[in-house]
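Results of the structural survey
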Amino acid sequence: MSDTQYTYAVARIRARENSLLNPGAVEQLMTCRDADQCIQMLTERGWGDSDTPADGEALLQREQEKVWELMRELAPDYSIFDVFSLPMLYHNLKAAIKDVCALNDMPHIFYEGVSPSEQDMMAMVRARDFSPLDSHMAEAASRATEELLHTKDGQLCDIIIDKAMLEAVQQAGAACKERVIRTYADTYVAVTDIKIAVRCLKTGKSREFMRQALAPCALLNVEQMADTVLRGGEALNEYLSRSGFASCVQALEQSMSAFECWCDDTMLDALRPEKYHAFSAGPLVAYVLAKLNEIKTVRMILTGKANSLPDDIIRERVRKTYV
Amino acid sequence: MSGIVWALIGVAVAVGLAGSGSACGVGIAGQAASGVVTEDPSKFAKVLIMQLLPGTQGIYGLLVGFITLSKIGILGGAPADLDLATGLLIFAACLPIGIAGLISAIYQGKTSAAAIGIVAKKPEQFGKAMLFPAMVETYAILALLVSILAVSGIPV
């Protein structure tokens, strides 16, 4: 009966999917006159709790917490969601290394709720003892610390840790028996590699830089992609079209905001078929990603409204909805 | 073993296997139904009907069991003196509903659980959603028919 362990969880998620914002609801948010009206509308739709302050950031923060609380309650094996916390974990490592090595006092740059904690991470960097971390992360941490101390090059430190994070996501996906996590990991690494390639193209980075930054990936040949970046935008577009990312080329031709949207939409599209599996973790993972995307969309709208941005600029940044 | 023992094993197979299948099926669909009702109690009646669908195999098994018990005189308090061949024939006649009931009930439970997902998202599609698990029922009914015809046709 092990194939039915997600039956209850999937049914609850199916019922919850109705409360996700559909295109009509996003349009309603867009027509709100200001951020306060948006917040009121979201509160009426059940966002936040009764004690959540009527403040955009607090509302978004609470919604994000509610997603993970729900998954902790529902998932028979919560460890499948570890892959989602890897970017935050590696971000905290990066922040700790920069904080200790650059001797800066930069509060509030750490994600909370990630293990090891901020204090433990800082203590590891100060002692240069990364043994509590897994060997792959420890090696990246040690290398990034040494490079930052010797070269004072923050970007080099960033790419060492970011590449290690992508490799960790790839490994976590490959090791997971749930197909949805493998799909998520492969797509996440591919989309991030494309983002890196596009930024390298815009800033004219060298092959050596790309070699250090791009992580090997199941959906792309990163060596070939680096070659095309050196040959220019046309070559990169042609390579992406050939590799099954033609929609990315269209987004890039539109604008960088459209490209950023494409990155999030592609993640959701890759997991969309998983939502039809009634007895797997697929609908749970797809729901998490959809909800996180939705929170991102609402953040865009709230920020846009708070800064009185024109609707078309906000609309360009609105992600696809799941329902 | 005498014929009556084989006939009683047949009854046990019909009632036991079909009933076990129904228990599994109703259990699977019940998990899904509980998930939906946790979020939206107003869908209780609809998901309850879905949950009950895999329960019919157990009833079919019970029906074949009663017919067989009546046929061999156990219900009337005067067991028939069955020879081995007749006992084996009755045992064989009980097998279709036992086996098809077990398997169809489990799969109907899974289909019901998936269909409960339809009701959760689109309650107005209840009729269509119910058709999917109902299709599985066909094969349990075929097995029931064969078992009843076979048990009734064996001269005791």
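Data block above holds the structure.
What comes next concerns the included structure. (Residues numbered from 1 in each chain as written. Chains lettered and ligands numbered in written order. Predicted model: local features only at pLDDT ≥ 70, side-chain atom pairs only at ≥ 80, totals over all residues. Heavy atoms only, no water.)

The helix and strand tally for chain A stands at 16 helices and 0 strands. In summary, chain A has a C-alpha radius of gyration of 21 Å against a globular reference of 20 Å for 323 residues, a match within 12%. By its C-alpha atoms, chain A is 55 × 50 × 45 Å across when sized along the principal axes. For chain A, the proportion of its 323 residues judged to be buried stands at 52%. For chain A, contacts bridging at least 24 residues in sequence account for 64% of all contacts bridging at least 6. Only carbon and sulfur atoms are counted for the fraction: they give 50% of the accessible area of chain A, which is about 15100 Å². A distance of 3 Å separates the average location of the 36 positive side-chain charges in chain A from that of its 48 negative side-chain charges. (Helix = DSSP H or I, 4+ residues; strand = E, 2+ residues; numbered from the N terminus. Rg over C-alpha atoms; globule rule 2.2 N^0.38 Å. Buried < 20%, exposed > 50% of the residue type's maximum accessible area, 1.4 Å probe, protein only. Contact = heavy atoms within 4.5 Å. Areas by Shrake-Rupley, 256 points an atom, 1.4 Å probe, with all protein chains shown as cover. Lys, Arg positive; Asp, Glu negative; His and termini not counted. Charge placed at Lys NZ, Arg CZ, Asp CG, Glu CD.)

This brings us to the interface of chain B and chain A. With 17 residues of chain B at the interface, the matching set in chain A holds 16 residues. Roughly 1400 Å² is buried in total at the junction of chain B and chain A, and carbon and sulfur atoms are behind 65% of that figure. At the boundary of chain B and chain A, one finds 3 salt bridges. K121(B) serves as the salt-bridge partner of E17(A), at 3.0 Å between the closest nitrogen and oxygen. When contributions to the side of chain B that touches chain A are tallied by element, the ones reaching two or more residues are α1 (3–39) and α4 (84–121) of chain B. When residues in the side of chain B that touches chain A are grouped by element, the largest group, 9 residues, is from α1(B). (Buried area = accessible area lost by both parts, 1.4 Å probe. Salt bridge = Lys/Arg side-chain N within 4 Å of Asp/Glu carboxyl O.)

Pairs of packed helices are described in terms of their axes, by the angle between the two and the distance that separates them. Residues and elements named next belong to chain A. Viewed as axis vectors pointing N to C, helix α3 (residues 35–44) and helix α15 (residues 282–306) meet at an angle of 150°, and their least axial separation amounts to 8 Å. Classified by the interaxial angle, the pair formed by α3 and α15 is roughly antiparallel. When α3 is examined against α15, the residues A35, C38, I39 and L42 are found in contact with a partner set consisting of V298, I301, L302, K305 and A306. Among the residues making up the contact of α3 with α15, the classes are represented as 8 nonpolar, no polar and 1 charged. (Axes fitted to C-alpha atoms, helices over the stretch in contact; angles between N-to-C directions. Parallel < 35°, antiparallel > 145°, perpendicular 65-115°, else oblique. Nonpolar A, V, L, I, M, F, W, Y, C, P; charged D, E, K, R; others polar.)

Where charged atoms from two side chains of opposite charge approach closely, those side chains can pair. In the structure shown here, the tally under the stated rule is 25 salt bridges over all chains. A salt bridge links R16(A) to E39(B), with the nearest nitrogen and oxygen atoms 2.8 Å apart. Here E39(B) lies in helix α1 and R16(A) lies in helix α1 (residues 7–17), a pairing that spans two chains.

Quick look at the packing of aromatic side chains now. Residue and element names in this part refer to chain A. Going through the model one piece at a time under the given rule, you end up with 9 aromatic pairs over all chains. Here F245 and W262 contribute two aromatic rings whose centre-to-centre distance is 6.0 Å and whose plane-to-plane angle is 80°, an arrangement assigned as edge-to-face. On the criterion of sequence distance, the pair formed by F245 in the loop between α12 (233–242) and α13 (246–254) and W262 in helix α14 (residues 256–271) is long-range, its members being 17 residues apart. On the accessibility criterion, W262 (7% relative accessible area) is buried. (Phe/Tyr/Trp six-rings, centres within 6.5 Å; stacked < 30°, edge-to-face > 60°.)

A complete count under the given rule lists 2 cavities of 30 Å³ or more for this structure. A volume near 50 Å³ is recorded for the second largest cavity. Every residue lining the second largest cavity is listed: T7(A), V10(A), A11(A), R14(A), A278(A), F279(A), A32(B), A113(B), A114(B) and G117(B). Counting residues per element, the ones that place at least two in the lining of the second largest cavity are α1 of chain A together with α4 of chain B. (1 Å grid on protein atoms, 1.4 Å probe; cavity = no way out; pocket = protein on both sides within 12 Å on 5 of 7 lines; lining within 4 Å. Points joined across faces, edges and corners; volume = space filled by probe spheres on them.)

This is a description of form; function is not addressed.
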